[in-house]
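Report on the structure
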Amino acid sequence: MSTNDRRTFLQSAGLAGIASALSSVASAEGTPAVEKAKTEAPASKHSIRFGVIGLDHAHIYSMTAAVQRGGGRLVAVYGSDPKQIADFRAKFGDVKIARSEDEILQDKSIQLIAGAPIPDQRAPLGVRAMQAGKDYLADKPGIVTLDQLAEVRRTVAATGRKFAIMYSERLEVRSAVYAGELIRQGAIGRVVQTVNLAPHRVNAPSRPEWFWDKARFGGILTDIGSHQADQFLYYTNSSQARVVAAQTGNLAHPGYPKFEDFGDMTMTGNGGTGYVRVDWYTPDGLSTWGDGRLFILGTEGYIELRKYINVASGLPGGDHLYVVDRKQARYIDCKEVALPFGPQFVTDIVERTQVAQDQQQALLAAELVLTAQRDATRPILA
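This report concerns the structure included in the present document. Just so it is clear, the structure is predicted and the values come from calculations on it, not from any experiment.

Digging into the overall build of the protein chain
Of the regular secondary structure elements, the protein chain holds 13 helices and 14 strands. Taken over the C-alpha trace, the protein chain has a radius of gyration of 23 Å; the compact-globule value for 382 residues is 21 Å, and the two agree within 12%. With the principal axes as the frame, the protein chain shows a C-alpha extent of 85 × 50 × 45 Å. Relative to its full complement of 382 residues, the protein chain shows a buried share of 51%.

Some words on the pattern of salt bridges
The full count for this structure, using the stated rule, is 26 salt bridges. Salt-bridge contacts for Glu336 lead to Lys38; the nearest nitrogen and oxygen are separated by 3.9 Å. Taken together, the positions of Glu336 in strand S14 (residues 329–336) and Lys38 in strand S1 (residues 33–38) put the pair 298 residues apart, joining distant regions of the chain. By relative accessible area, which is 42% here, Glu336 ends up partly exposed.

A look at the sheet that holds strand S6 (residues 163–166)
Across the sheet, which stays open at both edges, the 5 strands sit in the order S3-S2-S4-S5-S6 with parallel pairing between neighbours. Because the sheet does not close on itself, it has two edges, and the strands there are strand S3 (72–78) and S6. When strand polarity is set aside, the average angle formed by the axes of neighbouring strands in this sheet is 25 degrees. As paired elements, strand S4 (residues 112–116) and strand S5 (residues 135–139) share 4 bridges and run parallel to each other. Opposite Gly115, over in S5, you have Ala138 as the bridge partner.

Details of the packing of aromatic side chains
Within this structure, the stated rule accounts for 15 aromatic pairs. Note on Phe88 and Phe92: the rings are 4.8 Å apart at their centroids and 45 degrees apart in plane angle, and the pair reads as tilted. Here Phe88 pairs with Phe92, and both are found in helix H3 (residues 82–92), just 4 residues apart, close to one helical turn. Relative accessible area serves as the criterion here: at 1%, Phe88 is assigned to the buried category. Centroid distance Tyr234 to Tyr235: 5.2 Å. Interplanar angle 75 degrees. Geometry classified as edge-to-face. Through a chain of ring-to-ring contacts, the aromatic side chains of Phe211, Trp212, Phe217, Tyr256, Phe259 and Trp280 assemble into a single cluster. The lysine or arginine in question, Arg170, covers the ring of Tyr234, its NZ or CZ lying 3.9 Å from the ring centre.

Regarding the nonpolar core
Counting 79 residues, the largest nonpolar core has Val52, Phe88, Leu137, Ile143, Val152, Phe163 and Met265 as the members making the most contacts within it. The element that contributes the greatest number of residues to this core is helix H13 (residues 359–375), accounting for 9 residues. Residues contacting Val52, with those up to four places away along its chain left out, are Ile60, Thr64, Leu74, Ala76, Val77, Tyr78, Phe88, Ile104 and Ala114. Residues Tyr178, Ile188, Val191 and Leu294 belong to the second largest nonpolar core, which totals 23 residues.

Notes on H13
In an α-helix, one full turn covers 3.6 residues, which means residues spaced three or four apart are oriented alike. Helix length check: H13 (17 residues) gives 25 Å between terminal C-alpha atoms against 24 Å at 1.5 Å per residue, within 8%. Burial within H13 is extensive, with 13 of its 17 residues counted as buried. With a side-chain oxygen positioned 3.2 Å from the backbone nitrogen of Gln360, the residue opening H13 is Asp358.

Points about the packing of helix H5 (residues 122–131) against helix H6 (residues 146–159)
Close contact between H5 and H6 brings their axes to 10 Å; oriented N to C, the two are set at 10 degrees. Considering their axes alone, H5 and H6 lie roughly parallel with respect to each other. As for how H5 packs across H6, the hand of that crossing is left-handed. Between H5 and H6, the contacting residues are Ala123, Pro124, Val127, Met130 and Gln131 on the first element and Gln148, Glu151, Val152, Thr155, Val156 and Thr159 on the second. Grouping the amino acids of the contact of H5 with H6 by side-chain chemistry returns 6 nonpolar, 4 polar and 1 charged.

Describing the pairing of strand S2 (residues 48–55)
Burial runs high along S2: 7 of the 8 residues are buried. In this structure, S2 lies alongside S3, joined through 6 bridges in parallel fashion. Residue Gly51 lies in a different strand from S3, and its bridge partner there is Ala76.

Details of a nonpolar patch on the surface
Together, Leu251, Tyr281 and Leu381 make up an exposed nonpolar region whose accessible area comes to about 300 Å². With respect to the secondary-structure elements, Leu381 resides in the segment after H13.

Basis of the calculations
- Residues numbered from 1 in each chain as written.
- Predicted model: local features only at pLDDT ≥ 70, side-chain atom pairs only at ≥ 80, totals over all residues.
- Heavy atoms only, no water.
- Helix = DSSP H or I, 4+ residues; strand = E, 2+ residues; numbered from the N terminus.
- Rg over C-alpha atoms; globule rule 2.2 N^0.38 Å.
- Buried < 20%, exposed > 50% of the residue type's maximum accessible area, 1.4 Å probe, protein only.
- Salt bridge = Lys/Arg side-chain N within 4 Å of Asp/Glu carboxyl O.
- Pairing = 2+ DSSP bridges.
- Axes fitted to C-alpha atoms, helices over the stretch in contact; angles between N-to-C directions.
- Phe/Tyr/Trp six-rings, centres within 6.5 Å; stacked < 30°, edge-to-face > 60°.
- Lys NZ or Arg CZ within 6 Å of the ring centre and 35° of its normal.
- Core = buried A, V, L, I, M, F, W, Y, C linked by side-chain atoms within 4.5 Å.
- Contact = heavy atoms within 4.5 Å.
- Expected span 1.5 Å × (residues − 1).
- Polar contact = N/O pair within 3.5 Å; in protein donor to acceptor, adjacent residues only side chain to side chain.
- Parallel < 35°, antiparallel > 145°, perpendicular 65-115°, else oblique.
- Left-handed = near helix turned anticlockwise from the far one by under 90°.
- Nonpolar A, V, L, I, M, F, W, Y, C, P; charged D, E, K, R; others polar.
- Patch = residues over 30% accessible without salt bridge, like charges linked within 9 Å, V, L, I, M, F, W, Y side chains within 5 Å.
- Areas by Shrake-Rupley, 256 points an atom, 1.4 Å probe, with all protein chains shown as cover.

Taken by themselves, the reported measurements are silent on function.
Here you go:
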């Protein structure tokens, strides 16, 4: 269009006409097709009795709900904070309050312990649970040192019990579940790389003292990076992996010298490569705690997940999935995708299978972030 023609067009069309014209151009250039994904959760095949020990992180609520969806009967809870106990019972009913941790561990009718104590206490609790003949589901990070990891692996081998870790950013996010289904269907060919961006809001006034101490939470890669290591292994189908490089630092919270607010890491496995960036910089202007993104690159296409918000798009809520293949670009709303972890995990406990979570892969994810945390350099700023 010449300059004179463009001026004439603008003068005659007005703002409404311009908007309509631009919309038509955008449509002609290929607006993604819109789909809604809906799946059914596996049926609950079994019933188990389980107890909860440790309520220091709110993830215990989604963990408990997941086990209940799978057929778990919550029979006892133990925690050291009366307010935490009261809040938990307000959510899950008049569950028995145990007088001690041992009261739950020694109850031979209980098959599973779910725990979310302070992170440095989670692996020792899991070891005690397995030694008591029970399977264990830990909040992430389930393990905060390499010594703890070695002890967990020894106890798993000696007892034959499960040490599961609730990597909820994959297991309890509907778009992440559906991405796995698309990959199984071959929608993007063979996965060769994952890129995870995982910002979080710090909410400083609400945080307990242990939140600011790396010795208690394990460091930023050990903590929130564990979700991303799990996704890297799962989507690339890697059974072996190592850390190539890692950085951690405290760039914006000088008042908390034991804290880390930024980290990144690069990994390679026998199924692909992965990059992770985690931080505590979510600004107050965002309506949710973090704009989590996952990019999955395949040989024949790619997938992007906008897990918790589709910022400034007009599309509400989370669980937005975009997939581009050799034929088209599609947008898939995943809000009606079922969460299979609970039924699968309860079945695994009863039938001694590994459908909900592979034991080796769960602990390998922990090993990756613990190694990255140990070897991380500090960011060099120009």
